[in-house]
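# A structural walkthrough
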Amino acid sequence: MKIDIFSTITSSFFSSILREAQYLFNRKMRRKTAYVSVAQTYTLNRSSPRKSEISNITMLASSETDIDISEPVIFYREEGVSSVIFIVPGSHDIYRSVPIEESVIPQGEDSLASIDLSCYNFERIKVYPPAAEIASPNSTKERIRDEELERRINTLFMISGEEEFESGMISDFSKELCSIINSHDKNAMEIISYLFLYRKINPVVMSEALRWLGRIEQKESHSYRLWLLEKNLESSLIYVRDGAISGIAALDGPSAIPAVRKAIEKETCRELCDDMKAVLEQLEETSKWE
Amino acid sequence: MGVMLRKLENRRRWDKVEFPWLGQCEIPADPIADLKTVQNNLSVYYIKEDRSNLFDVIEAIAATRDCSDRFDYILFDQEVCSELKIKVENTRGQTPNQEVNKKWHRDLTQISADKLLELAKVIYEKGETNRKLEKEIIKMLVRASLDGKIPIKDIKPQLRQKIMSTPLWNDYSSSQ
């Protein structure tokens, strides 16, 4: 398979993707030593490969069926770990490398072409909901409020490892989680998603949270909650996958059917696979009535 | 011969996952968390051989909870108790279904830590875990309430509200 790679001129499309990416990562890493640097923009289509140094990106392109990968490549650093990130526009998929050495990160306007990325593995880390659903802080007041919310959520997830959860029973954790989401919807979900993706949280707490995310009845955060539930079907932790499938069952939305099917194909635990199949059956039944 | 039902907090604890660190004849520790004793007694429910009272028991236990949720449980042979010399007593259950409380609740009594571990091992090896999804549990509770098996007033407010807000409740109520 051949791949053509050529630089594209900055366009409004590029700017909007960049703005979204900068927003997401700047916002998430405020107070940390993060920086965002645009290296170069590429458009890839599947015809003639020219640059071996981006072979991993090539690999990702071949794993998708009919998308181009145009990306601002973003280097970011968090707690001493640096990564390369690029975005698949339209799909809102974001890929990032597993940690990359600090020394390879270019400064200023250096080109990505000078970096050999072939030794890094990329993983899909995010399928963000449409940009329109991502709230943006407009004023200092709002930013301060968001920081308070972030602290509140962090504390909640941190202290809840001590709590003993009982199925069907309301816990201090679930009460606070529901209250936060009901009052801050997408803002809260954004912070929670970040915690789930980039922080080490007790898997039992994650599982409990996912179950409650499916149970909350709130339109504004629905697609974000569904996204996070589907995302966690791919977790390497069995309790987290279990929480995700339970949350999806509670949400009862047929739009989750493809993600559940995919999870069933991949599931290695026989019993959990059976539970996923039961959920799939439920969703298919629900779809008949919609 | 019937079986015993024990409610589980999470079926995942009982999955037959292979842990490389487990020795021969050992079981993981997590399942024991689902066998929490109170005054050295373990609460279980007797399920008839034809399992005709299984749904009644599940509904009754589910009706004791704050809100709707999936329901995980394990079934194990009643004979296990006699094999392990565990005393079984008919005691009254604490659910909103009086018939279930009276007829089907049992306490496995005088359980030592050693006995509990033996019991956990046997149940882990031979027990049958299962899960009822939240949606199914709500349906069951709607029917149980409308049939009068579980008085709706005895269900906790949030769960009651959930039951009464389902289209099922309205359909059943209007058809009866």
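Below is a short write-up of the structure. Bear in mind that the values here come from a model prediction, so they are computed numbers and not experimental data. (Residues numbered from 1 in each chain as written. Chains lettered and ligands numbered in written order. Predicted model: local features only at pLDDT ≥ 70, side-chain atom pairs only at ≥ 80, totals over all residues. Heavy atoms only, no water.)

## Observations regarding the pairing of strand β3 (residues 71-77) of chain B
Residue and element names in this part refer to chain B. Among the seven residues in β3, six count as buried, and that is most of the element. Where β3 and strand β6 (residues 128-132) come together, five bridges link them in antiparallel fashion. Residue pairing across strands places Y73 opposite N130, the latter belonging to β6. (Buried < 20%, exposed > 50% of the residue type's maximum accessible area, 1.4 Å probe, protein only. Helix = DSSP H or I, 4+ residues; strand = E, 2+ residues; numbered from the N terminus. Pairing = 2+ DSSP bridges.)

## Quick look at helix α1 (residues 54-62) of chain B
α1(B) sits mainly inside the fold: eight of its nine residues count as buried. Within the span of α1(B), buried status applies to B:L54, B:D56, B:V57, B:I58, B:E59, B:A60, B:I61 and B:A62.

## A closer look at the nonpolar core
A:I153, A:F157, A:L177, A:I192, A:F196, A:L233 and A:V260 are the most contacted members of the largest nonpolar core, which has 53 residues in total. The dominant element in this core, judged by the number of residues it contributes, is helix α4 (residues 172-198) of chain A, at eleven residues. Within the second largest apolar cluster, 50 residues are counted, among which are B:V44, B:L108, B:I137 and B:I155. (Core = buried A, V, L, I, M, F, W, Y, C linked by side-chain atoms within 4.5 Å.)

## Side note on the pattern of salt bridges
A side chain of one charge can pair with a side chain of the opposite charge when the charged atoms of the two come close. Enumeration according to the criterion identifies 30 salt bridges over all chains in this entry. With a shortest N-O distance of 3.6 Å, A:E271 and A:R270 are connected by a salt bridge. Residue classification places A:R270 among the exposed residues on the basis of a relative accessible area of 55%. Several salt bridges share partner residues, and in doing so they unite A:D242, A:D275, B:R11, B:R12, B:D15, B:R70, B:D72 and B:R131 into one network. (Salt bridge = Lys/Arg side-chain N within 4 Å of Asp/Glu carboxyl O.)

## Examining the sheet that holds β6(B)
Residues and elements named next belong to chain B. The strand order β4-β5-β2-β1-β3-β6 describes an open sheet built from six strands, whose pairing is antiparallel. The open sheet is flanked by β4 (87-90) and β6, the only strands paired with a single partner. Recorded for the sheet is a direction-independent mean angle of 35 degrees between the axes of neighbouring strands. (Axes fitted to C-alpha atoms, helices over the stretch in contact; angles between N-to-C directions.)

## Quick word on the interface of chain A and chain B
The interface of chain A with chain B comprises 26 residues on the first partner and 26 residues on the second. Overall, the association of chain A and chain B removes approximately 2,200 Å² of surface from exposure, summing both partners, and the carbon and sulfur fraction of that is 42%. Summed over the three residues of chain A that lose the most area to chain B, namely A:S167, A:Y239 and A:E271, the buried surface amounts to 24% of that side. Where chain A meets chain B, there are twelve salt bridges. In this structure, A:D242 and B:R12 form a salt bridge, with 2.6 Å as the shortest nitrogen-oxygen distance. (Contact = heavy atoms within 4.5 Å. Buried area = accessible area lost by both parts, 1.4 Å probe.)

## Section: the environment of A:L228
Residue and element names in this part refer to chain A. Here L228 lies in helix α6 (residues 222-232). Taking the C-alpha atoms as reference, L228 lies 8.6 Å from M189; in sequence the two are 39 residues apart. Apart from residues lying up to four places away in sequence, L228 is in contact with M189, I192, S193, F196, L210 and L213.

## Some details on the side chain of B:H105
Mapped onto the fold, B:H105 is located in strand β5 (residues 105-109). Once you skip the residues sitting within four places of it in the chain, B:H105 turns out to touch B:S43, B:V44, B:Y45, B:E89, B:N90, B:T91, B:R92, B:G93 and B:V100.

## Comments concerning the packing of aromatic side chains
All names here are of chain A. Following the criterion strictly, the structure yields eight aromatic pairs over all chains and no others. Each ring, one from F157 and one from F196, has its centre 5.9 Å from the other, and the planes form 85 degrees; the classification is edge-to-face. On the criterion of sequence distance, the pair formed by F157 in helix α3 (residues 140-159) and F196 in helix α4 is long-range, its members being 39 residues apart. F196 shares its class with F157; the two are buried. Ring geometry for Y224 and W227: centres 5.9 Å apart, planes at 70 degrees, overall edge-to-face. Placement of both Y224 and W227 in helix α6 is noted, with a separation of three residues, approximately one turn of the helix. As far as burial versus exposure is concerned, Y224 and W227 are alike and both buried. An aromatic cluster of at least three residues, connected via ring pairs, comprises F157, F165, F173 and F196. (Phe/Tyr/Trp six-rings, centres within 6.5 Å; stacked < 30°, edge-to-face > 60°.)

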